[in-house]
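Commentary on secondary and tertiary structure
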Amino acid sequence: MQTASTHIGERMGRSQELSDSKRGPVIGGLLGNKSIRDISWLLNIPRSTVSGIITKWKQLGTTATQPPSGRPCHMTGRGQRMLKRTLRRSHQLSAESIAKDLQTWCGLQMNPTTVRRELHGMGFHGRAAASKPSITKCNAKRRMPWCKARCHW
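What you see is a predicted model, and the numbers here were worked out from it, not measured in a lab.

As a further point, take the overall build of the protein. Tallying secondary structure elements over the protein gives eight helices and zero strands in all. Mapped from its N terminus to its C terminus, the protein presents α and β elements in the order α-α-α-α-α-α-α-α. For the protein, buried positions account for 19% of its 153 residues. When contacts within the protein are restricted to residue pairs at least 6 apart in sequence, long-range pairs at least 24 apart make up 38% of them. As displayed, the protein offers around 12,900 Å² of accessible surface, 53% of which is attributable to carbon and sulfur atoms.

The next point concerns the side chain of Thr-63. Mapped onto the elements of the fold, Thr-63 is located in the loop between α4 (47-60) and α5 (77-89). On the basis of relative accessible area, Thr-63 is assigned to the buried category, the value being 16%. When sequence neighbours within four positions are dropped, the list of residues in contact with Thr-63 reads Arg-23, Ile-27, Ile-53, Lys-56 and Trp-57.

Before going further, it helps to examine the pattern of salt bridges. Taken as a whole, this structure holds one salt bridge when the rule is applied. Between Arg-116 and Glu-96 there is a salt bridge whose closest N-O contact spans 3.3 Å. Remark: Glu-96 occurs in helix α6 (residues 95-106) and Arg-116 occurs in helix α7 (residues 112-122); sequence separation between them is 20 residues. Taking relative accessible area as the criterion, Glu-96 reaches 38% and is therefore assigned partly exposed.

Right, let's talk about the nonpolar core for a bit. In terms of nonpolar packing, the biggest core is built from 12 residues, these being Met-75, Met-82, Leu-83, Leu-87, Ala-95, Ile-98, Ala-99, Leu-102, Leu-108, Met-110, Val-115 and Leu-119. Of all the elements in the fold, those that place two or more residues in this core are α5, α6 and α7. Looking at which element gives the most residues to this core, the answer is α6, with four residues. Once residues lying within four places of it in the same chain are set aside, the contact partners of Leu-102 are Met-75, Met-82, Leu-83, Gly-107, Leu-108 and Met-110. Residues Ile-27, Ile-45, Ile-53 and Ile-54 belong to the second largest nonpolar core, which totals seven residues.

Turning our attention to the packing of helix α3 (residues 36-43) against α4. For any two helices packed against each other, one specifies the crossing angle of their axes together with the interaxial distance. The geometry of α3 relative to α4 is characterised by a closest axis approach of 9 Å and an angle of 115 degrees between their N-to-C directions. As α3 packs across α4, the resulting crossing turns out to be right-handed. Residue-level contacts link Ile-36, Arg-37, Ile-39 and Ser-40 of α3 to Arg-47, Val-50, Ser-51 and Ile-54 of α4. Its residues placed into classes, the contact of α3 with α4 shows four nonpolar, two polar and two charged.

Turning our attention to the packing of α5 against α6. For the pair α5 and α6, the least separation of the axes is 11 Å and the interaxial angle reads 125 degrees. By the angle between their axes, α5 is oblique relative to α6. Where α5 crosses over α6, the two elements pack in a sense that is right-handed. For the pair α5 and α6, contact is made by Met-82, Leu-83, Thr-86, Leu-87 and Arg-89 and by Ile-98, Asp-101, Leu-102, Trp-105 and Cys-106, respectively.

As a further point, take the confidence of the model for the protein. The predicted coordinates should not be examined in detail at positions where pLDDT is low. For the protein, per-residue confidence averages 79 on the pLDDT scale, and 78% of positions sit at 70 or higher. When mean pLDDT is taken per element in the protein, α3 scores highest with 92 and helix α1 (residues 4-11) scores lowest with 47.

Procedures and definitions
In this numbering scheme, every chain counts its residues from 1 along its sequence in written order. Two thresholds apply to this predicted model, a pLDDT of at least 70 for residue-level local features and 80 or more for giving and counting side-chain atom pairs, whereas whole-chain, interface and lining totals are computed over all residues. Side-chain metrics in this entry use all non-hydrogen atoms of the structure; hydrogen atoms and water are not considered. Helix and strand assignments come from DSSP, with helices taken as H or I runs of at least 4 residues and strands as E runs of at least 2, each series counted from the N terminus. Only protein chains enter the area calculation, which uses a 1.4 Å probe; residues under 20% of their type maximum are buried, those over 50% are exposed, and those in between are partly exposed. Whether two residues touch is decided by their heavy atoms; if any such pair falls within 4.5 Å, the residues are in contact. Throughout, the Shrake-Rupley method with a 1.4 Å probe supplies accessible areas, and for residues the shown protein chains are the sole cover considered. Salt bridges are defined by distance alone: a side-chain nitrogen of Lys or Arg within 4 Å of a carboxyl oxygen of Asp or Glu. Residue types Ala, Val, Leu, Ile, Met, Phe, Trp, Tyr and Cys, when buried and joined through side-chain atoms within 4.5 Å, form a set referred to as a nonpolar core. Note on method: axes are straight lines fitted to C-alpha atoms, helices fitted across the in-contact stretch only, with angles between N-to-C directions ranging 0 to 180 degrees. Two helices crossing with the near one rotated counterclockwise from the far one by less than a right angle form a left-handed crossing, whereas a clockwise rotation gives a right-handed crossing. Charged means Asp, Glu, Lys or Arg here, nonpolar means Ala, Val, Leu, Ile, Met, Phe, Trp, Tyr, Cys or Pro, and polar covers whatever is left, Gly included. We call two directions roughly parallel when the angle between them is under 35 degrees, roughly antiparallel when it is over 145, roughly perpendicular when it lies between 65 and 115, and oblique otherwise. What pLDDT conveys is the predictor's confidence in a given residue, as a value from 0 to 100.

Structural data, given as structure tokens:
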């Protein structure tokens with residue numbers, strides 16, 4: 001006997017895309033004047049999925065998967081991992097030298113601007129650390145009178 005937690009666990013999360021063999025009966029049910037609820041119950045498919053298939057069929061005339069919109073990414077996951085590994089070795093490399101390294105190691109022809117954009121997306125930013133003068137005894141004596149309480153830090 002299944003418990004409620006295992007039953008819920010089986011339903012949660014994103015599922016795979018339906019195959020063409022499962023999309024066909026949805027359209028067949030629609031042409032047979034079945035309601036979305038009936039089609040969903042007969043085929044054991046969620047109502048939202050059935051509704052999406054029907055909407056796509058009415059708009060496009062097909063239920064086939066359409067190609068994704070937009071330009072594909074230049075860097076693959078492997079290239080991004082290699083870029084991160086290169087940056088961990090030396091933080092002071094320029095984008096031009098990283099682009100040359102990537103070209104020699106994995107054959108990726110890449111512009112330095114693309115390298116900067118990818119690094120920015122990973123959370124690495126080209127910022128210099130602020131210079132902080134060390135507080136010596138001489139500097140501590142020069143502090144303003146209202147800071148005397150903190151000059152012995």
